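For reference, the chains in residue letters:
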Amino acid sequence: MVAMVAGFVDAIAGGGGLLTIPAMLVANVPLLPALATNKLQATAGSFSASVAMIRKGVIRPIEIKSAIIMAFMGAMLGTLVVSLSPPDMLKKIIPFLLGFIGIYTLFAPNLGDIERTPKLSKKVWQKTVVPLIGFYDGYIGPGTGMFFSLSGVGLLGMQIIRATGVAKVLNFATNLASLVVFIIGGQVLWLLGISMMIGQAIGAYFGSQMAIKGGVTIIRPMIVLMCFAMLIKYIFFT
């Protein structure tokens, strides 16, 4: 049930890991297996959301193939690093990043309503921003889809529905990369992960449908909500 709700939220704005990782930790799952199992179920959710976006014509993966590769590589590196060291440094940075994104999204006029002039070239974005977010996903994870979406809107000038579609595909790539590393390391709890996969896929399908139909009216407030929810979580519960 938690995975289903997380998949729904993730498909719209990202941040589903805010629900699934704490749920597993409360159930006494150790940190590294919790991160690994979260990637198994999150891969199902991001795949389901990506398929829905592709079928609706929101995004064509061939158009962002370089970004997909860079996201995959960044996430694989991040997962290798987290397997060797705890994510204490990034945990200190995340609250400031979340607060900035939440405030920017809340007050930026007409954010993502229409396509705008890019602030970065597509090549620069693919070679710098995408692998950095991918690394973050492999290292910690929650909110990755939201970070991809906001970078598409804020830096490339994308319309927010298209940016969300791109984010889902890239998030699938990062989840898959992390999952491969965790499987090789033997960290995945398969029975728990498979049961959560089912819930994630169902939630992600309906969440992506709502994102496509609701557009800015749904996505923008969900991004703000998830930013401040994660901010509260990091300040008071970590």
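Please read all numbers here as calculations on a predicted model, not as lab measurements.

Caption draft 1: Seen up close, the packing of helix α6 (residues 122-139) against helix α7 (residues 144-156). Two elements in contact, α6 and α7, have axes whose closest approach is 10 Å; the angle formed by their N-to-C orientations is 160 degrees. By the angle between their axes, α6 is roughly antiparallel relative to α7. Every pair of crossing elements has a handedness; the one defined by α6 and α7 is right-handed. Listed contacts from α7 to Lys122, Trp125, Val129, Val130, Ile133, Gly134, Tyr136 and Asp137 of α6 are Thr144, Phe147, Phe148, Ser151, Gly152, Leu155 and Leu156. Grouping the amino acids of the contact of α6 with α7 by side-chain chemistry returns nine nonpolar, four polar and two charged.

Caption draft 2: The packing of helix α1 (residues 2-12) against helix α2 (residues 17-26), seen in detail. At a closest axis distance of 8 Å, the pairing of α1 and α2 adopts a crossing angle of 155 degrees. Taken together, the axes of α1 and α2 lie roughly antiparallel to each other. Residues Val2, Ala3, Val5, Ala6 and Asp10 of α1 touch α2, and the partners they reach there are Gly17, Leu19, Thr20 and Ala23. Split by residue class, the contact of α1 with α2 holds six nonpolar, two polar and one charged.

Caption draft 3: Fine view of the nonpolar core. Ranked by internal contacts, the top residues of the largest apolar core, which has 42 residues, are Ile64, Trp125, Val130, Phe148, Val166 and Leu170. Elements with a contribution of two residues or more to this core: α1, α2, α3 (31-55), α4 (65-84), α6, α7, α8 (160-184) and α10 (216-236). Here this core gets nine residues from one element, more than from any other, and that element is α8. The contact partners of Trp125, leaving out residues within four places of it in the chain, are Ala67, Val130, Pro131, Ser151, Gly152, Leu155, Leu156, Val166 and Leu170.

Caption draft 4: A look at the packing of aromatic side chains. Under the definition given, this model contains four aromatic pairs. Ring geometry for Phe47 and Phe172: centres 5.4 Å apart, planes at 50 degrees, overall tilted. Of this pair, Phe47 sits in helix α3 while Phe172 sits in helix α8; the two residues are 125 residues apart in sequence, bridging distant segments of the chain. Ring plane angle 25 degrees and centroid distance 5.7 Å describe the contact between Phe135 and Tyr139, whose orientation is recorded as stacked. With Phe135 and Tyr139 both in helix α6, this residue pair falls four residues apart, about one helical turn.

Caption draft 5: Local environment of the pattern of salt bridges. What the rule picks out here adds up to three salt bridges. The salt bridge partner of Lys39 is Asp137, with a shortest N-O separation of 2.6 Å. Taken together, the residues Lys39 in helix α3 and Asp137 in helix α6 connect sequence positions 98 residues apart. Note that Arg60 is salt-bridged to Glu63, the shortest N-O span being 3.4 Å. Through salt bridges that share partners, Arg60, Glu63 and Arg162 make up one connected network.

Caption draft 6: Geometry of the side chain of Thr37. Locating Thr37 in the fold gives a position in helix α3. If we skip the residues at most four places from it in the chain, Thr37 touches Met24, Gln187, Val188, Leu189, Leu192 and Gly193.

Caption draft 7: α3, seen in detail. Between its first and last C-alpha, α3 extends 36 Å over 25 residues, near the 36 Å set by a 1.5 Å rise per residue. With 19 of 25 residues buried, α3 is to be regarded as a mostly interior element. A positive backbone phi angle near 80 degrees is found at Gly57, which sits one or two residues after α3.

Caption draft 8: Representation of α4. End to end, α4 covers 29 Å across 20 residues, agreeing with the expected 28 Å (1.5 Å per residue, within 8%). Within α4, burial applies to Ala67, Ala71, Gly74, Ala75, Gly78, Thr79 and Val82. Angular distribution of buried residues about the axis of α4 spans 135 degrees; they occupy a single face of the element. Relative to its buried face, α4 has exposed residues pointing more than 90 degrees away, namely Lys65 and Leu84.

Caption draft 9: Spatial organisation of a nonpolar patch on the surface. A contiguous nonpolar patch, built from Met1, Met4, Ile183, Trp190, Ile194, Ile198, Ile202, Tyr205 and Phe206 and spanning about 930 Å² of accessible area, is present on the exposed surface. If you tally residues by element for the nonpolar patch, the top one is helix α9 (residues 190-214), at six residues. Locating Trp190 in the fold gives a position in helix α9. Taking relative accessible area as the criterion, Trp190 reaches 43% and is therefore assigned partly exposed.

How each quantity is defined
Residues numbered from 1 in each chain as written. Predicted model: local features only at pLDDT ≥ 70, side-chain atom pairs only at ≥ 80, totals over all residues. Heavy atoms only, no water. Axes fitted to C-alpha atoms, helices over the stretch in contact; angles between N-to-C directions. Helix = DSSP H or I, 4+ residues; strand = E, 2+ residues; numbered from the N terminus. Parallel < 35°, antiparallel > 145°, perpendicular 65-115°, else oblique. Left-handed = near helix turned anticlockwise from the far one by under 90°. Contact = heavy atoms within 4.5 Å. Nonpolar A, V, L, I, M, F, W, Y, C, P; charged D, E, K, R; others polar. Core = buried A, V, L, I, M, F, W, Y, C linked by side-chain atoms within 4.5 Å. Buried < 20%, exposed > 50% of the residue type's maximum accessible area, 1.4 Å probe, protein only. Phe/Tyr/Trp six-rings, centres within 6.5 Å; stacked < 30°, edge-to-face > 60°. Salt bridge = Lys/Arg side-chain N within 4 Å of Asp/Glu carboxyl O. Expected span 1.5 Å × (residues − 1). Arc of directions from axis to C-beta. Patch = residues over 30% accessible without salt bridge, like charges linked within 9 Å, V, L, I, M, F, W, Y side chains within 5 Å. Areas by Shrake-Rupley, 256 points an atom, 1.4 Å probe, with all protein chains shown as cover.

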